[in-house]
Amino acid sequence: MKPFDYDLKYDELDLRQHPELYTIGRGEQGVLLVEPYKSEILPHWRFKTPEIAKESSKKIYDMFLQYKKQDDFVGMDMARKFLQMGYTRARRYANHKGGRKYAKEDGSLLPFQNDPVKAEAAAIFKAQWEIAKKDPDYVKMKGIHRQKYENA
């Protein structure tokens, strides 16, 4: 697996036009860099309440399916990353008030809490993320992308 390339000038690149430059990386790497997908998906990414998370995750998953129809693996992977990030960020806010895990002053771990509202929002995103990452076409396209562009 090739590491995500943080050295590309993402603000100048359209990776829809140059999918060969896209590296999947690990987890959510590049989610807030890769254009035009970041600008297309980010406005819909919200997780404050379960209702908002449901609407947001549905919209992002619908975008995932639209990218799939367009045979756009990079778009599918970016939508998958936003779903994953919805889960991880909502979980962080569920576990730590304000979303901050470590104290600014000394880097110590802040007290754990359990916010059931944020936990429910996280579960909504996680369910949608699981569906996306297991989609048979996504799995197949991911393998093709890695073989074609990331094994060089």
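Structure: see above.
Here the residue numbering is sequential within each chain, running from 1 through the sequence in written order. Predicted model: local features are reported for residues with pLDDT of at least 70 only, side-chain atom pairs are reported and counted for 80 or more only, and whole-chain, interface and lining totals are derived from all residues. Each side-chain value is worked out from all heavy atoms of the structure, with water and hydrogens disregarded.

J.: Even after reading the chapter, I still don't get the layout of surface pockets, so can you show me in this structure?
T.: Points on a 1 Å grid over protein atoms alone make up a cavity when a 1.4 Å probe fits among them but cannot get out, and a pocket when they form an open set with protein on both sides within 12 Å along at least five of seven lines; lining residues each have an atom within 4 Å of a point. Grid points are joined across faces, edges and corners, and a volume is the space filled by probe spheres set on the points. Of the voids in this model, the largest pocket is the one considered here, and its volume is about 280 Å³. For the largest pocket, the full set of lining residues is R16, P19, Y37, D71, D72, F73, V74, M141, I144, H145, K148 and Y149. Those elements that provide at least two residues to the lining of the largest pocket are α3 (73-95) and α5 (136-150). If you tally residues by element for the lining of the largest pocket, the top one is α5, at five residues. Broken down by class, the residue content of the lining of the largest pocket amounts to seven nonpolar, one polar and four charged. Comment: elements are numbered from the N terminus, with helices defined as DSSP H or I runs of at least four residues and strands as E runs of at least two. The classification used treats Ala, Val, Leu, Ile, Met, Phe, Trp, Tyr, Cys and Pro as nonpolar, Asp, Glu, Lys and Arg as charged, and all other residues, Gly among them, as polar.

J.: Please explain the packing of aromatic side chains as it appears in this structure.
T.: Where two aromatic rings form a pair, the distance of their centres and the angle of their planes describe that pair. Aromatic rings from Phe, Tyr and Trp, with only the six-membered ring used for Trp, were paired whenever their centres fell within 6.5 Å, and each pair was classed as stacked if the ring planes differed by under 30 degrees, edge-to-face if by over 60, and tilted otherwise. For the structure shown, the criterion picks out ten aromatic pairs. On the basis of an interplanar angle of 70 degrees and a centroid distance of 6.4 Å, the ring pair of W45 and F82 is categorised as edge-to-face. You can see W45 sitting in the loop between α1 (37-41) and α2 (50-69) and its partner F82 sitting in helix α3, a full 37 residues away along the chain. Across this residue pair, the class does not change: W45 and F82 are buried. A ring pair is formed by F73 and Y138, whose centres lie 5.6 Å apart and whose planes are at 25 degrees; its orientation type is stacked. Of this pair, F73 sits in helix α3 while Y138 sits in helix α5; the two residues are 65 residues apart in sequence, bridging distant segments of the chain. Of the residues examined, F73 reaches a relative accessible area of 7% and is grouped as buried. Among the aromatic side chains, those forming a connected cluster through ring pairs are W45, F47, F82 and Y93. Relative accessibility thresholds used throughout: buried, under 20% of the residue-type maximum; exposed, over 50%; partly exposed, between the two (1.4 Å probe, protein chains only).

J.: Whenever I open this one, the side chain of K118 confuses me. Can you help?
T.: With respect to the element layout, K118 can be found in helix α4 (residues 116-134). Contacts are assigned to residue pairs with any non-hydrogen atoms lying within 4.5 Å of each other. Contact partners of K118, with chain neighbours within four places excluded, come to F47, K48, A90, Y93 and A94.

J.: Sorry, what's going on with the pattern of salt bridges here?
T.: Where charged atoms of side chains with opposite charge meet at close range, the side chains can pair. Whenever Lys or Arg places a side-chain nitrogen within 4 Å of a carboxyl oxygen from Asp or Glu, that contact is recorded as a salt bridge. Using the criterion set out here, one finds twelve salt bridges in the structure. D72 is the salt-bridge partner of R16, the closest N and O atoms lying 3.4 Å from each other. Linking R16 in the segment before α1 with D72 in the loop between α2 and α3, this pair joins segments that are 56 residues apart in sequence. Taken together, the shared-partner salt bridges connect R16, E40 and D72 into one network.

J.: Mind showing me how you'd approach the nonpolar core here?
T.: The tendency in soluble globular proteins is for nonpolar side chains to be buried side by side. Nonpolar core, defined: a set of buried Ala, Val, Leu, Ile, Met, Phe, Trp, Tyr and Cys residues in which side-chain atoms within 4.5 Å join the residues together. Ranked by size, the top nonpolar core spans 34 residues in total, and within it Y22, V34, Y37, I41, I60, M78 and F82 carry the most contacts. Among the secondary structure elements, those contributing two or more residues to this core are α1, α2, α3, α4 and α5. Per-element accounting of this core gives the leading share, nine residues, to α3. Ignoring sequence-local partners within four residues, the contact set of Y37 consists of L15, R16, L42, Y67, D72, V74, G75 and M78.

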